[in-house]
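# An overview of the molecular structure
Single-letter residue listing:
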Amino acid sequence: MASRKNREWILRQRPGPDGFQPSDLELRECPMPECQDGEVLLATHLMSMDPTMRNAMAGEEAADRTEGSAYYKMMNWAPGSVITWRIAGLVLESKADGFSKGDMVFAQAPWREINAVSVGALQKMPEGVSPSAAFSCLAMTAMTGYLGVKHVTRPKPGDVAYVSGAAGATGLIACHTLKQMGCRVIGSAGSGDKVVYLQSQGFEAFNYRDESVLTALKRLAPAGLNACFDNVGGETLEAVLEMMNDTGCITLCGAISQYDSKPEQRYGVRNLFHIIAKRLRVEGFIVGFFPPEAHAEASETLSSWLRDGKISDCSSFVDGFENLPDGIMGLFRGTNTGKMLVRVPLELCKF
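If you're wondering where the values come from, they're calculated on a predicted model, not measured in any experiment.

Inspection of every chain in the model, using the stated rule, returns two cavities of 30 Å³ or more. What the largest cavity holds in volume is close to 100 Å³. Along its surface, the largest cavity is lined by 14 residues, and Arg-54, Ala-58, Tyr-259, Ser-261 and Lys-262 are the ones closest to its centre. Class assignment of the residues belonging to the lining of the largest cavity gives a composition of five nonpolar, three polar and six charged. The residue makeup of the lining of the largest cavity includes at least three contributed by each of domain 1 (6-130 + 313-349) and domain 2 (141-289). Approximately 80 Å³ is the volume attributed to the second largest cavity. In terms of lining residues, the second largest cavity is bounded by Ser-136, Cys-137, Ala-169, Leu-172, Ile-173, His-176, Tyr-197, Gln-201, Ile-311, Ser-312, Cys-314 and Gly-338. With four residues, the single largest contributor to the lining of the second largest cavity is helix α5 (residues 169-180).

Below you can see the structure in the form of structure tokens.
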């Protein structure tokens, strides 16, 4: 084991005016860790790629004022440091009770090929569930879609609901949750293949690259929208405000269209008076701030949906630890359908 080399990714610098570039990260060699009491030696298999990482790269530059916000305090990667994020890994050695060599686990851990991870940062993979399915259907992005719809959107049966970024990991679960709660669901995505996939899941869908969001929503929902789950922001949010009916709800989950721009360059939504005129409820949320009992219920429900075939694994992969920047770039180019994961083949994880 000592002869094997280890590598890690650090944030070399904060992204510049052109947005995130692969050169903002640096891959370097690092020492091979030793497994101590209460730890496991973990080989990285999957690394979660999430749009919100872009705000962590920007740190205090993500907004004109980041003070006073738990989110911005948490999402602030320091240049020169190893990046810590959600991974799935294979246990190579264990000195921790309840974990054995060969176990597959979730961990909040540094972006290293091999880590020594304390038991408190570990969670066993659900039995009979593939690592990618656990990421796409049960982990943070899935919980975000489910909890945001159930506790923030709070739709009623028969509502007409729109989800932007519907073919992404969070958007897909939001669509499924709205459908399970009795809504008619319309989703937007950035390619014909994604539209076909959304339709195969029982949702109406359109390609926002071929048809503007406002035009498509007027066509598909001429009587207006009762609910929206927005992952995109900017012009998409502006179009949604035009289409909302009185007393509807807009759930703000993300704004991926704006993350790669400096604050002064971001799109200025011009019709915010609709919030007043239509008596809209517009609410943002962060998944980590829901209470434990809500997380427990979400986990139980999503697990049952996965077992019953109501949801299924939808993941896109970038292969190779060294190709991690391509996974991040893919998020902003929209190359993924479902969960974006950087994958190290399991056979390369084993000694």
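There is more to say after this.
Before going further, it helps to examine the state of the cysteines. Going through the model one piece at a time under the given rule, you end up with zero disulfides. Not part of a disulfide, Cys-137 finds its nearest cysteine sulfur in Cys-314, a span of 8.6 Å. Looking at Cys-137, the relative accessible area reads 2%, which means it is buried. The thiol sulfur of Cys-228 is not disulfide-bonded, and the nearest other cysteine sulfur, from Cys-249, lies at 8.8 Å.

This next bit is on the domain arrangement of the protein chain. Taken domain by domain, the protein chain holds domain 1 (6-130 + 313-349) and domain 2 (141-289). One C-alpha centre belongs to domain 1, the other to domain 2; they are set 28 Å apart. Taken together, the contact pairs 26 residues of domain 1 with 17 residues of domain 2. Of the roughly 1600 Å² buried between domain 1 and domain 2 on both sides combined, carbon and sulfur atoms contribute 56%. Taken together, the links from domain 1 to domain 2 amount to two salt bridges. The partner of Arg-54 in a salt bridge is Asp-260, and the shortest N-O contact between them spans 2.4 Å.

About the criteria used
Residue positions within a chain follow its written sequence, with the count starting from 1. Confidence filtering applies because this is a predicted model: local features only for residues at pLDDT of at least 70, side-chain atom pairs given and counted only at 80 or more, and all residues used for totals across whole chains, interfaces and linings. Hydrogens are left out, water is left out, and the side-chain values use all remaining heavy atoms of the structure. Throughout, the protein atoms alone are placed on a 1 Å grid, and a set of points is a cavity if a 1.4 Å probe fits but cannot get out or a pocket if it is open with protein on both sides within 12 Å along at least five of seven lines; lining residues have an atom within 4 Å of a point. Grid points are joined across faces, edges and corners, and a volume is the space filled by probe spheres set on the points. For this classification, Asp, Glu, Lys and Arg are treated as charged, while Ala, Val, Leu, Ile, Met, Phe, Trp, Tyr, Cys and Pro are nonpolar and the rest, including Gly, are polar. Domains are outlined according to an automatic or database domain assignment. Strands here mean DSSP runs of E at least two residues long; helices mean DSSP runs of H or I at least four residues long; both are numbered from the N terminus. Note on disulfides: each one is a pair of cysteine sulfur atoms within 2.5 Å. Three exposure classes are used, based on accessible area relative to the maximum for each residue type with a 1.4 Å probe and protein chains only: buried under 20%, partly exposed in between, and exposed over 50%. Any two residues whose heavy atoms approach within 4.5 Å at even a single point are treated as in contact. A quick way to say it: buried area is the sum, across both parts, of accessible area lost when two parts are put together, with a 1.4 Å probe. Throughout this description, the term salt bridge denotes a Lys or Arg side-chain nitrogen within 4 Å of a carboxyl oxygen of Asp or Glu.

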